[in-house]
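# Examining the three-dimensional arrangement
The chain contents come next:
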Amino acid sequence: MTGILSGLISPKADWAWRVAFLLGAIAAPIGIVLLTGAPVPLQADLPAWTIVAGGLLVGLGVSYGGGCTSGHGVCGMARLSPRSIVATAIFLSTTFATVFVVRHLLGGF
Amino acid sequence: MLRTVSAAGIGLSFGAGIVVSGMGNPAKVLNFFDIFGSWDPSLMLVMLSALVVTFVGYRLVLRRPAPVFEPKFHLPTRRELDLPLIGGSALFGIGWGLSGFCPGGAIPALGSGAPAPVIFVASMIGGMLVANALRYLSLQRAAV
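The paragraphs below set out a description of the structure included in this document. (Residues numbered from 1 in each chain as written. Chains lettered and ligands numbered in written order. Predicted model: local features only at pLDDT ≥ 70, side-chain atom pairs only at ≥ 80, totals over all residues. Heavy atoms only, no water.)

Moving on, we come to the interface of chain A and chain B. Taken together, the contacts link 70 residues of chain A with 81 residues of chain B. Here chain A and chain B share 2 salt bridges between them. Counting across the chain A and chain B interface gives 12 residue pairs in polar contact (both at pLDDT 80 or more). Secondary structure elements with two or more residues in the side of chain A that touches chain B: α1 (2–9), α2 (15–36), α3 (48–65), α4 (69–78) and α5 (82–105) of chain A. Looking at the side of chain A that touches chain B residue by residue, the classes come out as 46 nonpolar, 21 polar and 3 charged. (Contact = heavy atoms within 4.5 Å. Salt bridge = Lys/Arg side-chain N within 4 Å of Asp/Glu carboxyl O. Polar contact = N/O pair within 3.5 Å; in protein donor to acceptor, adjacent residues only side chain to side chain. Helix = DSSP H or I, 4+ residues; strand = E, 2+ residues; numbered from the N terminus. Nonpolar A, V, L, I, M, F, W, Y, C, P; charged D, E, K, R; others polar.)

And the structure:
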């Protein structure tokens, strides 16, 4: 996912398929709402600063780490790439640790 | 043209999978990681089934000489386990744990109409731009 997006941030000649992919992904919940008539469940009962800080860290992290859940966690793991296996083990661990610290040591935000 | 239409179709399939499975819903994602609290293990099945389908799919698809709409396959070739990979992945996990959003969850969630994915994706693009700028500066310093 971030590989497709980052190709738009440093524009390359092959932007059309990237934009088409992203628009297709964004259209999915709209189509589901139109088909089922029910809203898509989305609960983000968090202070805005955690979403901003989370976004900044994710943006920095995926740029240096070279991938996210879909890139390393699914595609790279499926190719048995050593880089992706290491990256996935690390980000699953730090996500778990962050949730533990926030919810159980700090009492949640 | 067909290439662009096929990319949109693939994005639609990806986004539908994310939305239906709950990967785009921060509360569900954070509960998946909260093993000692309100643990919701269902997203493990989502990751596992995505992995199985991709594992089998790659082995079938990569038997072809090339993709349908592209002259050749583009697969990552790097092997080194370096500091940017390790540190970057660690930072990504902290961000995912703070917000409950990963990129593949938040981008389809933009279509839900809720404000949180918009705030997240804007901040994430900000982080990517900062990383690009830092990399550019370090390349310039290396050139001097």
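Additional details are given in the paragraphs that follow.
Under the counting rule described, the total for this entry stands at 0 disulfides over all chains. In this structure A:C75 is a free cysteine whose sulfur lies 8.7 Å from that of A:C68, the closest cysteine sulfur available. Classification of A:C75 as partly exposed rests on a relative accessible area of 29%. Free cysteine: B:C102, not disulfide-bonded; nearest cysteine sulfur from A:C68 at 6.4 Å. A residue is classified by how much of its surface remains accessible, and B:C102, at 1% relative accessible area, is buried. (Disulfide = S-S within 2.5 Å. Buried < 20%, exposed > 50% of the residue type's maximum accessible area, 1.4 Å probe, protein only.)

The subject of this paragraph is the side chain of B:N25. Relative to the assigned elements, B:N25 resides in the loop between α1 (2–21) and α2 (26–33). Engagement of the side chain of B:N25 in a polar contact is seen with the backbone nitrogen of A:Q43, the distance being 2.7 Å. For B:N25, the residues in contact, after removing those within four places along its chain, are A:P41, A:L42 and A:Q43.

Residues and elements named next belong to chain B. In this structure, F69 sits in the loop between α3 (42–61) and α4 (83–99). Separated by 56 residues in sequence, F69 and S13 have C-alpha atoms that sit 18 Å apart. Filtering out sequence-adjacent residues up to four positions away, F69 remains in contact with L2, R3 and S6.

Another aspect to go through is α2(B). Taken together, the buried positions of α2(B) are B:P26, B:V29, B:L30, B:F32 and B:F33. Within α2(B), the buried residues cover an arc of 150 degrees as seen down the axis, which keeps them to one side. Among the structural elements, α5 of chain A together with α3 and α4 of chain B are those in contact with the buried residues of α2(B). (Arc of directions from axis to C-beta.)

This part is about the packing of aromatic side chains. Inspection of every chain in the model, using the stated rule, returns 10 aromatic pairs over all chains. Each ring, one from A:F91 and one from B:W96, has its centre 6.1 Å from the other, and the planes form 65 degrees; the classification is edge-to-face. Within this pair, whereas A:F91 is found in helix α5, its partner B:W96 is found in helix α4, the two belonging to separate chains. For A:F91, a relative accessible area of 0% gives the class buried. According to the relative accessible area criterion, B:W96 is buried, its value standing at 3%. (Phe/Tyr/Trp six-rings, centres within 6.5 Å; stacked < 30°, edge-to-face > 60°.)

Quick look at the nonpolar core now. Soluble globular proteins: nonpolar side chains tend toward being buried together. Membership of the largest hydrophobic core comes to 35 residues, with the highest contact counts inside it found for A:L22, B:F92, B:W96, B:F101, B:I107, B:F120 and B:M124. Inspection of this core shows a minimum of three residues originating in each of domain 1 (1–42) and domain 2 (44–109) of chain A. Look past the residues within four positions of B:F120 in its chain and what remains in contact with it is A:I51, A:G54, A:G55, A:V58, B:S99, B:F101, B:C102 and B:A106. (Core = buried A, V, L, I, M, F, W, Y, C linked by side-chain atoms within 4.5 Å. Domains from an automatic or database assignment.)

Residue and element names in this part refer to chain A. Notably, L80 is not glycine yet its phi reads approximately 55 degrees, a positive angle. Within the secondary structure, L80 sits in the loop between α4 and α5. Note on L80: relative accessible area 51%, which makes it exposed.

Honestly, it's all geometry; don't read function into it.
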